[in-house]
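Breakdown of the fold
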Amino acid sequence: MNSVAPLPLAKRLRPLAIDGRTDGTGRSVLSARGELVHGCADTLAGVLAELPVHTCRIELDMARVIFMDTAGGQFLDVLHDHGRRHLIPVSATNWRGQPRRVLELFGLDATDPLRSTAPDPAPAPGPAPTPSAVSLERAEQLHELREEITQLRKAIASRPVIDQARGILMATHACTSDEAWHILRAASQLSNTKLHKVAAAVTAGAGSDGPSLPEELRTALRRAVARCRV
């Protein structure tokens, strides 16, 4: 059994893959690897649908999942709902690194988050409780983590064009990879243009029929190269 999540950034990210086997007792042991992002819940649903009808327990090993964003909640919901509908125990264990940190910020049990998915008893009528210092701090950490995830995904998406631009500068100016990186950064600052846009312009302009660089960017690159050679 093997299933891979279809991701738009599949060439730049490590799409989630789920392997598994079912032993003679009806216990299904699944193992996930890669990055748990949008679309991975559908991948898990497909794997669960293919399990043998005599499956009596599902154990999902998350040790090789290296990254998770807020889509992890939907992923866990799919596994929880499957267990509830089929009246079988399910678990998701061995969380590590960044995914474990996300679970902790969500307030879930990082040992097995499915232990904490049962609904709480209905609260007694009364005034809404005042948020504690701990809950406020956790909310702030979660906000920071979401921003970190957003920045990381933007960096991953823009990395290929930046690498191409560095290669072009290395070939054009006979400089090292580090020097090419400093040239791009300096040109970005001098022209007040985002780094990935500078890289895209350099890459596009390198082709035989590519567009010419704007005058402001050409000037910024000349000054950046001059600085590098000082």
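Refer to the preceding data block for the structure.
Residues numbered from 1 in each chain as written. Predicted model: local features only at pLDDT ≥ 70, side-chain atom pairs only at ≥ 80, totals over all residues. Heavy atoms only, no water.

Points about the pattern of salt bridges
Evaluated as defined, the whole model comprises seven salt bridges. The partner of Asp 23 in a salt bridge is Arg 27, with the nearest N and O atoms 3.3 Å apart. Assessed through its relative accessible area of 27%, Arg 27 is described here as partly exposed. With a shortest N-O distance of 3.5 Å, Asp 81 and Arg 84 are connected by a salt bridge. Of this pair, Asp 81 and Arg 84 both sit in helix α2 (residues 72-86), separated by three residues, roughly a single helical turn. On the basis of relative accessible area, Asp 81 is assigned to the partly exposed category, the value being 28%. Taken together, the shared-partner salt bridges in this structure form one network comprising Asp 23, Arg 27, Arg 57 and Glu 59. (Salt bridge = Lys/Arg side-chain N within 4 Å of Asp/Glu carboxyl O. Buried < 20%, exposed > 50% of the residue type's maximum accessible area, 1.4 Å probe, protein only. Helix = DSSP H or I, 4+ residues; strand = E, 2+ residues; numbered from the N terminus.)

Structural notes on helix α3 (residues 97-105)
When α3 is considered as a whole, its buried residues turn out to be Gln 98, Pro 99, Val 102, Leu 103 and Leu 105. End-on, the buried residues of α3 take up no more than an arc of 165°, which puts them together on one face. At the C-terminal side of α3, Gly 107 shows a positive phi close to 80°. (Arc of directions from axis to C-beta.)

Focus: the packing of helix α5 (residues 177-191) against helix α6 (residues 195-205)
As a packed pair, α5 and α6 sit with axes 9 Å apart at the nearest point and diverge in direction by 110°. In terms of orientation, α5 lies roughly perpendicular with respect to α6. Classified by chirality, the crossing of α6 by α5 is right-handed. Only Leu 195, Val 198 and Ala 199 of α6 make contact with α5, whose side of the interface consists of Trp 181, Leu 184, Arg 185, Ala 187, Ser 188 and Ser 191. Residue classes in the contact of α5 with α6 are distributed as six nonpolar, two polar and one charged. (Axes fitted to C-alpha atoms, helices over the stretch in contact; angles between N-to-C directions. Parallel < 35°, antiparallel > 145°, perpendicular 65-115°, else oblique. Left-handed = near helix turned anticlockwise from the far one by under 90°. Contact = heavy atoms within 4.5 Å. Nonpolar A, V, L, I, M, F, W, Y, C, P; charged D, E, K, R; others polar.)

Observations concerning the packing of helix α1 (residues 40-49) against α2
Relative orientation of the contacting elements α1 and α2 amounts to 20°, with a least axis distance of 8 Å. As far as their axial angle goes, α2 and α1 are roughly parallel. Helix-helix and strand crossings are classified by hand; for α1 and α2 the assignment is right-handed. Counting all contacts with α1, which are made through Cys 40, Ala 41, Leu 44, Ala 45 and Leu 48, the residues of α2 involved are Gln 74, Phe 75, Val 78, Leu 79 and His 82. For the contact of α1 with α2, a count of residues per class yields eight nonpolar, two polar and no charged.

Considering the pairing of strand β3 (residues 27-36)
The element β3 is largely enclosed, with a buried count of seven among its 10 residues. Pairing geometry for strand β2 (residues 17-22) and β3, over six bridges, is antiparallel. Looking at the pairing, Ala 17 lines up with Arg 33 of β3. Linking β2 back to β3 in an antiparallel pair, the connection comprises four residues, with Gly 26 at a positive phi of about 95°. Here nine bridges tie β3 to strand β4 (residues 57-68), and the two strands are oriented parallel to one another. (Pairing = 2+ DSSP bridges.)

Things to note about the nonpolar core
In globular proteins that are soluble, nonpolar side chains generally tend to be buried together. Of all hydrophobic cores here, the largest spans 30 residues; its most connected members are Leu 36, Met 62, Phe 75 and Leu 79. For this core, the secondary-structure elements that each account for two or more residues are β3, α1, β4, α2, β5 (90-93), α3 and α4 (133-173). In terms of residue count, β4 provides more of this core than any other element does, six residues in total. If we skip the residues at most four places from it in the chain, Leu 36 touches Leu 16, Met 62, Val 65, Phe 67, Met 68, Asp 69, Ala 71, Gly 72, Phe 75 and Trp 95. One finds Ile 162, Cys 175, Ile 183 and Val 202 within the second-largest nonpolar core, a separate group that totals 19 residues. (Core = buried A, V, L, I, M, F, W, Y, C linked by side-chain atoms within 4.5 Å.)

Honestly, it's all geometry; don't read function into it.
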